[in-house]
Amino acid sequence: MIGLEAAVVEDSGGARSRFRLGGACAPELSRWESGGSGSLGSGCDGESREKWLENVCYLTMKIIFIILFKKYTQKDLIIMDLRQFLMCLSLCTAFALSKPTEKKDRVHHEPQLSDKVHNDAQSFDYDHDAFLGAEEAKTFDQLTPEESKERLGMIVDKIDADKDGFVTEGELKSWIKHAQKKYIYDNVENQWQEFDLNQDGLISWDEYRNVTYGTYLDDPDPDDGFNYKQMMVRDERRFKMADKDGDLIATKEEFTAFLHPEEYDYMKDIVVQETMEDIDKNADGFIDLEEYIGDMYSHDGNADEPEWVKTEREQFVEFRDKNRDGKMDKEETKDWILPSDYDHAEAEARHLVYESDQNKDGKLTKEEIVDKYDLFVGSQATDFGEALVRHDEF
């Protein structure tokens, strides 16, 4: 997962302070809120997410205090409005200490390729989103047909990985998956310069450790409640897993696997291991029913469980615990958080080849793709009725 960016502030004496919440160790806040990721918090240590929130709020309020204090000291120590500050502090504390009331979802599902209906009889919008990604597809809608064809031709050259002049279903599938994960690659690009300290196009473990845990290395006994030593050990273990050649130096692809292990098949074991460590409170190597429920829901003195909790208990007994021994082992946990979903990218690649392959040889030339450009990309002058006529002619 993606670490929270470091906050750098300057106090009234001019000293600079740097706060960093993990790297791969801090769960990505947007995914946590949406409950959409299977490796949610997989890089965190076994402490509860409430502790993470407490520290977020603590650091936030510390930064606010420093900024306000500096502002007012520069105005001859005018007394600031403590009522607003204390109100802000109380709200932040209440947020940090409150228990989650909605179900936490650790299951990682492959996302849909588009939120549009896949019905070629009405439009090719779904295909455009699938092939380009929704945001990139919008940019083609502003182009003339000639410009769309030209840009599509350049994309085809990128898709043809082996440069044999043909695009196969496998190459199309890889391209579609890449297009759908653009937000991941953009995030890695945004973080790359921060960690590549010597600008050699690679990130070593030492570089990552020094940037992420530099403050801890200087002060190994901080008072902010984090177990940095454990977090660093987990990060190093994940970094070594992502580093295929074992040289403790990550290429961009390996660094992407480190930050987003749930997206890579060879990293899935580490996702399962980290998830089990988070939930397995008694450290027996298994997840029992109460640990499973406790990760999702806290009673907080309430005798009555919500209906969804009762359903989860039934799910555990009937489906999660496959061998009926009252607990989930590694394989059962993997089946739970990393289910084998329907491969939307593979189905779309097969569809695009079928619709565009004029000579039915099972692969596409650039000419075949550009001839059917309206299936792959949009343009500002596309008339869908006319496009359907052309579509039927093939």
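Whatever comes next refers back to the structure up there.
Now for a description of the structure that goes with this document. (Residues numbered from 1 in each chain as written. Predicted model: local features only at pLDDT ≥ 70, side-chain atom pairs only at ≥ 80, totals over all residues. Heavy atoms only, no water.)

1. Things to note about helix α14 (residues 307-320)
Phase 1 of the analysis: Given a rise of 1.5 Å per residue, 14 residues ought to cover 20 Å, and the 18 Å separating the end C-alpha atoms of α14 matches this to within 8%.
Phase 2 of the analysis: All of the buried residues in α14 are Val-309, Glu-312, Phe-316 and Arg-320.
Phase 3 of the analysis: Tucked inside the fold, the buried residues of α14 contact β5 (287-288), α13 (289-296), β6 (327-328) and α15 (330-337). (Helix = DSSP H or I, 4+ residues; strand = E, 2+ residues; numbered from the N terminus. Expected span 1.5 Å × (residues − 1). Buried < 20%, exposed > 50% of the residue type's maximum accessible area, 1.4 Å probe, protein only. Contact = heavy atoms within 4.5 Å.)

2. Re unusual backbone geometry
Phase 1 of the analysis: Of note, the phi angle at Gln-199 is positive, near 55°, even though the residue is not glycine.
Phase 2 of the analysis: With respect to the helices, strands and loops of the structure, Gln-199 is situated in the loop between α8 (182-195) and β3 (203-204).

3. A closer look at the packing of helix α12 (residues 268-279) against α15
Phase 1 of the analysis: Packing of α12 against α15 leaves a shortest axis separation of 10 Å and a crossing angle of 100°. The orientation of α12 relative to α15 falls into the category roughly perpendicular. Here Lys-268, Asp-269, Val-271, Val-272, Thr-275, Met-276 and Ile-279 of α12 lie close against α15, whose contacting residues are Lys-330, Thr-333, Lys-334, Trp-336 and Ile-337.
Phase 2 of the analysis: Here the residues of the contact of α12 with α15 sort into six nonpolar, two polar and four charged. (Axes fitted to C-alpha atoms, helices over the stretch in contact; angles between N-to-C directions. Parallel < 35°, antiparallel > 145°, perpendicular 65-115°, else oblique. Nonpolar A, V, L, I, M, F, W, Y, C, P; charged D, E, K, R; others polar.)

4. Description of the packing of aromatic side chains
Phase 1 of the analysis: Throughout the structure, instances matching the rule amount to 15 aromatic pairs.
Phase 2 of the analysis: Put simply, the rings of Trp-192, Phe-195, Trp-205, Tyr-208, Phe-239, Phe-255 and Phe-258 pair up and form one aromatic cluster.
Phase 3 of the analysis: Between the NZ or CZ atom of Lys-360 and the centre of the ring of Tyr-354, over which it lies, the distance is 4.9 Å. (Phe/Tyr/Trp six-rings, centres within 6.5 Å; stacked < 30°, edge-to-face > 60°. Lys NZ or Arg CZ within 6 Å of the ring centre and 35° of its normal.)

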